[in-house]
Amino acid sequence: MLFGKKRTDQIAKAIEEADENGYWAIVRKQFYKNRLAVWSLRLFYGVFFIALMADFIANERPIYCILNVETQRDTTDVKLDTLIEIDTILLNNDDKFYDSQNTNKTLDQQVEVPNRYILKHELKKIAYVEIEDSIQKSQSNKLMSRKIIKYDTLFINTSVISVDSTKLSYFPIFKQYFVDLGLLSWDEIFVSTKWLEHKYEFAIFPPITYSSTTRDARNNKFKSPFGPQEFPEDSNGGWHFLGTERIGQDVAAGMIHGTRTAMLVGVVAMSIATFIGLFFGALSGYFGDERLKASRIRILLNLLAFIMAFFFSFISNGYIISDMIGAGNLFSAICVIIAWFMLVFFIANLLTIPLQKIPFLGKKVTVAVDIIIMRLIEVVNSIPLLILILAIVAIIEKPSVLFVMVIIGSVMWTPIAKFIRAELLRIRRLEYIEAAQAFGYSNFRIIMRHAIPNALAPVFIAIAFGVASAILTEAFLSFIGVGIPDDQVTWGSLLRLSRDKFSAWWLAVFPGFAIFITVTMFNLIGEGLTDALDPRLRE
């Protein structure tokens, strides 16, 4: 028993020492020796937190509020007084005795008391009663056939409206998420009245009480953060800490929500680029020019399948794809394209099964995957990113930041593919890969379970630099007003507003500084990873 416990302790200690001396433990120690990289990583955590919690940092909606909401209205009409005035008027047959402009006169007065509203109506009605009569006058006068009696009656009514109200609690920011998903809807009181104009019984507002699109009419026309600002006494709005722009939108709120856009573009674009780069880089590095062998019929049918899938996706159904993209349904268009390619390739590979039994068609030949993919990388690198984005945006009727993410990600995968290719050219000759092949594992399992996980180290470097490049590209597109909706506030769009008034220095300083800090942050993280993953720099 005692010897068994001692042996267990020795094994646990050996595992801890192995973990401390493992590859990633050494990389982590080496990375933390670079103080600039460490502080950049900590700054990234802060920026990511701001992007994640942007709605709770800058929002015109309160985080939590209590409102006195009207639930029922009971109305009682009480006649207070009646005044009657009678005038008798004799008119000829051909005289006009009806005055449409004087028929009704109404005067409403409203007095508000707690939970009760008193409406006083003064209504003047004119009624005409005809009385047939014959009056003999002198011969010079006409015979009057009727006598008109005019009644002017003034009614004064009072409507007493009893209002039953109750205090309800709301979490508007959380509810907005469900409203955006179409699961809930806002009550009428929140649609007809702005959030900052409600009379709350109790409310907890975010630190910045403005959304990125909230307009403050009292503080428009470029209010400086250090200059005078106007606020009514009962206003729920707070101080504009970074000033306002031309139409009164808060710059601080725009900076906060611009952080989310920048992080979203960097993460989503590089996620797309990483997926594409890993796919092509793994094929190129693992198989090379001599390891991938396929039957002649499979190669032929797959080439035909690619041509047919391209034809069905972009030519015969190109108008459908164009309409989807033009309407802003980029995700649906991508799904349709992928579905066509998968369907056609599935049919082509299904047909190869019986045709491979023919000796000539079933003979396997070597496919130079590495050369094909490297030529593809050269073609993609030869296309300028800005020109490609401008060309695609020109056919889009409804711009969206999602288009920018997809375009950036579909072009910036080439460095990742090169990194993963170089690593797999080295890893595929190692003993554990040969052992996996000797066990009879499939190439797909070897690549996914053994090759790629051990080749990801340099990919992190490319991702770090790629995120910085994607954020800078998005800021540039927002600055020139291309590809980003006009109602979406980003750092680049705030920087563009500084051109309207050069004296509004805060519109150039704060967004420009945010872009500079973020891009520098990711570049320093990338340099720290480069030093940590370089075995020549380890002690």
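### Some remarks on the overall build of the protein chain
Point 1. Of the regular secondary structure elements, the protein chain holds 20 helices and seven strands.
Point 2. Here the protein chain displays about 32,600 Å² of accessible surface, and carbon together with sulfur accounts for 62% of that area.

### Description of the nonpolar core
Point 1. Core analysis: the biggest nonpolar cluster contains 76 residues, and Phe31, Tyr286, Ile408, Leu424 and Phe522 have the highest contact counts within it.
Point 2. A per-element tally of this core places helix 7 (residues 251-287) first, with 12 residues.
Point 3. Setting aside residues no more than four positions away along its own chain, tyrosine 286 makes contact with Arg291, Leu424, Arg428, Ile433, Gln437, Asn443, Ile446 and Ile447.
Point 4. Listed in part, the 10 residues of the second largest apolar core include Ile297, Leu301, Ala305 and Ala348.

### Considering helix 15 (residues 414-427)
Point 1. Taking 1.5 Å of rise per residue, 14 residues should cover 20 Å, and helix 15 covers 20 Å from first to last C-alpha, within 8% of that figure.
Point 2. Where helix 15 is concerned, the buried positions are Thr414, Ile416, Ala417, Ile420, Arg421, Glu423, Leu424 and Ile427.
Point 3. Looking at the buried positions of helix 15, the neighbouring elements they touch are helix 7, helix 12 (369-381), helix 14 (401-411), helix 16 (431-438), helix 17 (443-451) and helix 18 (457-480).

### Overview of the confidence of the model for the protein chain
The predicted coordinates should not be examined in detail at positions where pLDDT is low.
Point 1. The predicted model of the protein chain averages 77 in pLDDT, with 76% of residues at 70 or higher.
Point 2. The low-confidence segment residues 75-156 (pLDDT under 50) makes 146 contacts with residues lying over four places distant or belonging to another chain.

### Observations regarding the environment of tryptophan 239
Point 1. By the secondary structure assignment, tryptophan 239 is in the loop between strand 5 (202-204) and helix 7.
Point 2. Taking the C-alpha atoms as reference, tryptophan 239 lies 7.7 Å from glutamine 229; in sequence the two are 10 residues apart.
Point 3. If we ignore the near neighbours within four places in the chain, the residues touching tryptophan 239 are Tyr210, Pro225, Gly227, Gln229 and Phe231.

### As for a nonpolar patch on the surface
Point 1. Among the surface-exposed residues, Leu343, Phe346, Ile347, Leu350, Leu351, Ile353, Leu355, Ile358 and Phe360 lie close enough to one another that they form a single nonpolar patch of about 870 Å² accessible area.
Point 2. For isoleucine 353, a relative accessible area of 53% corresponds to the exposed category.

### Observations regarding the pattern of salt bridges
Point 1. Using the criterion set out here, one finds six salt bridges in the structure.
Point 2. For arginine 428, the salt bridge goes to glutamate 290, with nearest N and O atoms at 3.5 Å. Of the two residues, arginine 428 sits in the loop between helix 15 and helix 16 while glutamate 290 sits in the loop between helix 7 and strand 6 (293-295), which places them 138 residues apart along the sequence.
Point 3. On the basis of relative accessible area, glutamate 290 is assigned to the partly exposed category, the value being 45%.
Point 4. Across the pair glutamate 423 and arginine 426 runs a salt bridge, and its minimum N-O distance is 2.8 Å. One end of the pair, glutamate 423, and the other, arginine 426, are both in helix 15, three residues apart, so they sit about a helical turn from each other.
Point 5. The exposure class assigned to arginine 426 is partly exposed, which follows from its relative accessible area of 46%.

About the criteria used
- Residues numbered from 1 in each chain as written.
- Predicted model: local features only at pLDDT ≥ 70, side-chain atom pairs only at ≥ 80, totals over all residues.
- Heavy atoms only, no water.
- Helix = DSSP H or I, 4+ residues; strand = E, 2+ residues; numbered from the N terminus.
- Areas by Shrake-Rupley, 256 points an atom, 1.4 Å probe, with all protein chains shown as cover.
- Core = buried A, V, L, I, M, F, W, Y, C linked by side-chain atoms within 4.5 Å.
- Buried < 20%, exposed > 50% of the residue type's maximum accessible area, 1.4 Å probe, protein only.
- Contact = heavy atoms within 4.5 Å.
- Expected span 1.5 Å × (residues − 1).
- pLDDT = per-residue confidence, 0-100.
- Patch = residues over 30% accessible without salt bridge, like charges linked within 9 Å, V, L, I, M, F, W, Y side chains within 5 Å.
- Salt bridge = Lys/Arg side-chain N within 4 Å of Asp/Glu carboxyl O.

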